[in-house]
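Structural overview
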Amino acid sequence: GAAGVSGHAPVGGVIAKLQAVPMSDIPVKPQGMLRRSSSSRFRSDGGSCALEKLPGFEDVPPERHHEVLREKINQCKVVFDFLDETTMIETFQYAEIKKETLCELIEYVLSTTGGVTPDIYGELIEMVSINLFRPLPPRVNPDGLEYDPEEDEPILEAAWPHIQLVYDLFLHFIQMPDFSTQHARKYIDQQLVSRMLELFDSEDPRERDYLKTTLHRIYGKFLNLRAFIRKSVMDIFCTVVHEDKVHNGIAELLEILGSIINGFSIPLKHEHQVFLWRALLPLHKARFITLFHPQLSYCVAQYLEKDPALMELVLAHLLKYWPVSNSAKEVLFFNELEEILYLMEPEQFALVQEPLFRRIAKCIGSEHFQVCERALNVWNNEYIISLITDGRHVILPIIFPPLFRISKHHWNKTIRALACQTMKIFMDMDLALFSECTLGYKESLRAQKKANKRREERWRALEAAVQPQIEAERAAADAAAKAIAAAAAAAARRRS
């Protein structure tokens, strides 16, 4: 109790040794040499366990296969440290034995029907858990700053030679023709799925790819886990969006979701619609959307194909999260917008055309040529042109001012040409409407010039009205300053 409230840390062990060493003798690692560690260094028991080569299945009679299978599974529960070179040299032969054993287990599962009985499931899944589930390394780059997935190279998992084989074994185990889902439910449960979802944040793309395939197989076979998996994935997405966190596995999770959404029954359940507007659509405002936007766009398109009535909701969210200050994201949003418009019926288009083309008009007037060019390329799609033709009386008056302006004054020659080409499309579409918009725009320019002139005249009149007062205040301030200076000089003479 007294030690717990003491203001001094106990001195002993490593701290006492360090205090006894002069500061000049303590080696300092250069800042540029910092390395992010792989997760395998956090736990290892391979150095204290000497493995022996077990006989192969072909070397023992069939009645002993069950016993040898257990022994091999237990042998694979030993974990090795692939980062410590000294330890790895000492245990290299044992690591190779484990690798060979894993290969034998994979071959046995693939070639034997009925060889892995339900009483083995628990031990096999325990071995898989020991090898796969581990703390991930801290998210730090070599300079000690936060890891940036768009800039920094990922650190690959050091223990991958073993981990890859464990993933292969687990996948083949789940896909066995005689695999009993009923017996496996006891071991492949919500806890295992939760720990597997944590690994999706691994920097190693090879591992995330295996996790994607494995989780998809589990979703397909274990009906009791489907709702839990969807809810857990939604929690990850909400964390990324609302806590502004970086997550490495969003693209892979969205790929799984794309396949899941494709299997939704029609009409969509309420919980599936909630997933769309609470988890998927807010992902559009995530910081690193460039890493997973194609997969996100595909998932949204799958929803719209299932239920076109969601079109207005999706488009409203897309405009709400439009990245007005990030040109690269704006180009991505235009890609998704084209896909949505391609799925849209004319009746739905009429409901959203005004807010949609107000945003497109702002992009047409952008000084960033890529954004402007992408906005003008919308008119390259014949189906979208047919939609615009029906709504031209609403659309052309909105986009005509920026379109006319950039056709004359944009700094980029290509943009000026595209703007002229777009204007020609509208001329061919409805010459009378185009002429009306031209006259209206010229009239608005004249009205604007008159308004500017009136504003300047009002300012001049205001300045003339207040000028006498300003001069009087300035004269009063000068007189006060002179009086203060005279008083100060008189006081100085009296003191002298």
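This text gives an overview of the structure that appears in the document. (Residues numbered from 1 in each chain as written. Predicted model: local features only at pLDDT ≥ 70, side-chain atom pairs only at ≥ 80, totals over all residues. Heavy atoms only, no water.)

Digging into the packing of helix α8 (residues 190-198) against helix α10 (residues 226-242)
Where α8 meets α10, the closest approach of the two axes is 11 Å, and the angle between their N-to-C directions is 30°. Note that α8 runs across α10; the crossing there is right-handed. Between α8, through Gln190, Val193, Ser194 and Leu197, and α10, the contact on the second element is made entirely by Phe228, Ile229, Ser232, Val233 and Ile236. Tallied by class, residues from the contact of α8 with α10 come to 6 nonpolar, 3 polar and no charged. (Axes fitted to C-alpha atoms, helices over the stretch in contact; angles between N-to-C directions. Helix = DSSP H or I, 4+ residues; strand = E, 2+ residues; numbered from the N terminus. Left-handed = near helix turned anticlockwise from the far one by under 90°. Contact = heavy atoms within 4.5 Å. Nonpolar A, V, L, I, M, F, W, Y, C, P; charged D, E, K, R; others polar.)

A look at the packing of aromatic side chains
All told, the structure shown has 21 aromatic pairs when counted by the stated rule. Ring centres 6.3 Å apart and planes at 40° place the aromatic pair tryptophan 160 and tyrosine 167 in the tilted group. What makes tyrosine 167 buried here is its relative accessible area of 0%. Joined through ring pairs, the aromatic side chains of Tyr121, Phe170, Phe173, Phe179 and Phe222 make up one cluster. (Phe/Tyr/Trp six-rings, centres within 6.5 Å; stacked < 30°, edge-to-face > 60°. Buried < 20%, exposed > 50% of the residue type's maximum accessible area, 1.4 Å probe, protein only.)

Details of the side chain of glutamate 338
Position of glutamate 338 relative to the elements: it lies in helix α15 (residues 327-343). Glutamate 338 has contacts with Arg374, Asn377, Val378 and Ile384, leaving out every residue within four places of it along the chain.

Considering unusual backbone geometry
For the peptide bond that leads from isoleucine 266 to proline 267, omega is 0°, which places it in the cis range. Looking at the secondary structure, you find proline 267 in the loop between α11 (250-262) and α12 (270-280).

Some points on α12
The complete set of buried residues in α12 reads His272, Val274, Phe275, Leu276, Ala279 and Leu280. Considering only its buried residues, α12 is in contact with α10, α11, α13 (293-306) and α14 (311-320).

What to know about the state of the cysteines
Per the counting criterion, the structure on display carries 0 disulfides. No disulfide involves cysteine 103; its sulfur sits 9.5 Å from the nearest other cysteine sulfur, which is in cysteine 76. The partly exposed category is assigned to cysteine 103, whose relative accessible area is 36%. (Disulfide = S-S within 2.5 Å.)

A closer look at the nonpolar core
It is characteristic of soluble globular proteins that their nonpolar side chains tend to be buried jointly. Ile218, Phe237, Leu280 and Ile399 are the most contacted members of the largest nonpolar core, which totals 130 residues. Of the residues forming this core, the biggest block, 10 residues, is contributed by helix α6 (residues 160-174). Sequence-distant contacts of leucine 280, that is, excluding residues within four places in its chain, are made with Phe237, Leu254, Leu257, Ile261, Phe275, Leu296, Cys299 and Tyr303. Within the second largest apolar cluster, 6 residues are counted, among which are Leu51, Val78, Tyr94 and Ile97. (Core = buried A, V, L, I, M, F, W, Y, C linked by side-chain atoms within 4.5 Å.)

Notes on the packing of α14 against helix α16 (residues 346-364)
In the contact formed by α14 and α16, the axes pass within 10 Å of each other and the chain directions differ by 5°. With respect to α16, the element α14 is oriented roughly parallel. Contacts from Met311, Glu312, Leu315 and Leu319 of α14 reach α16 at Gln348, Leu351, Val352, Pro355, Leu356 and Arg359. Looking at the contact of α14 with α16, its residues break down into 7 nonpolar, 1 polar and 2 charged. (Parallel < 35°, antiparallel > 145°, perpendicular 65-115°, else oblique.)

Quick look at the pattern of salt bridges
For the structure on display, the rule yields 20 salt bridges. A salt bridge links glutamate 157 to arginine 134, with the shortest nitrogen-to-oxygen separation between them at 3.2 Å. Within this pair, whereas glutamate 157 is found in the loop between α5 (118-132) and α6, its partner arginine 134 is found in the loop between α5 and α6, the two being separated by 23 residues in sequence. The residues glutamate 157 and arginine 134 share a single accessibility class, namely buried. (Salt bridge = Lys/Arg side-chain N within 4 Å of Asp/Glu carboxyl O.)

Some points on the environment of leucine 337
Mapped onto the elements of the fold, leucine 337 is located in helix α15. Exposure remark for leucine 337: the relative accessible area of 2% places this residue in the buried category. For the pair formed by leucine 337 and leucine 315, sequence separation is 22 residues and the distance between their alpha carbons is 8.0 Å. Excluding anything up to four places from it in sequence, leucine 337 contacts Leu315, Leu318, Trp322, Leu356 and Ile360.

Quick look at helix α19 (residues 392-409)
For α19, with 18 residues, the first-to-last C-alpha span of 24 Å sits near the 26 Å given by 1.5 Å per residue. Its maximal kink placed at phenylalanine 400, α19 deviates by approximately 45°, while the proline proline 401 follows within four residues. Of all the positions in α19, only Ile395, Leu396, Ile398, Ile399, Phe400, Pro402, Leu403, Phe404, Ile406 and Ser407 are classed as buried. Along its buried surface, α19 packs onto α16, α17 (369-376), α18 (382-390), α20 (413-429) and α21 (431-495). (Expected span 1.5 Å × (residues − 1). Bend = angle between axes of the 7 residues up to and from the residue.)

Spatial relationships are all this shows, so hold off on functional conclusions.
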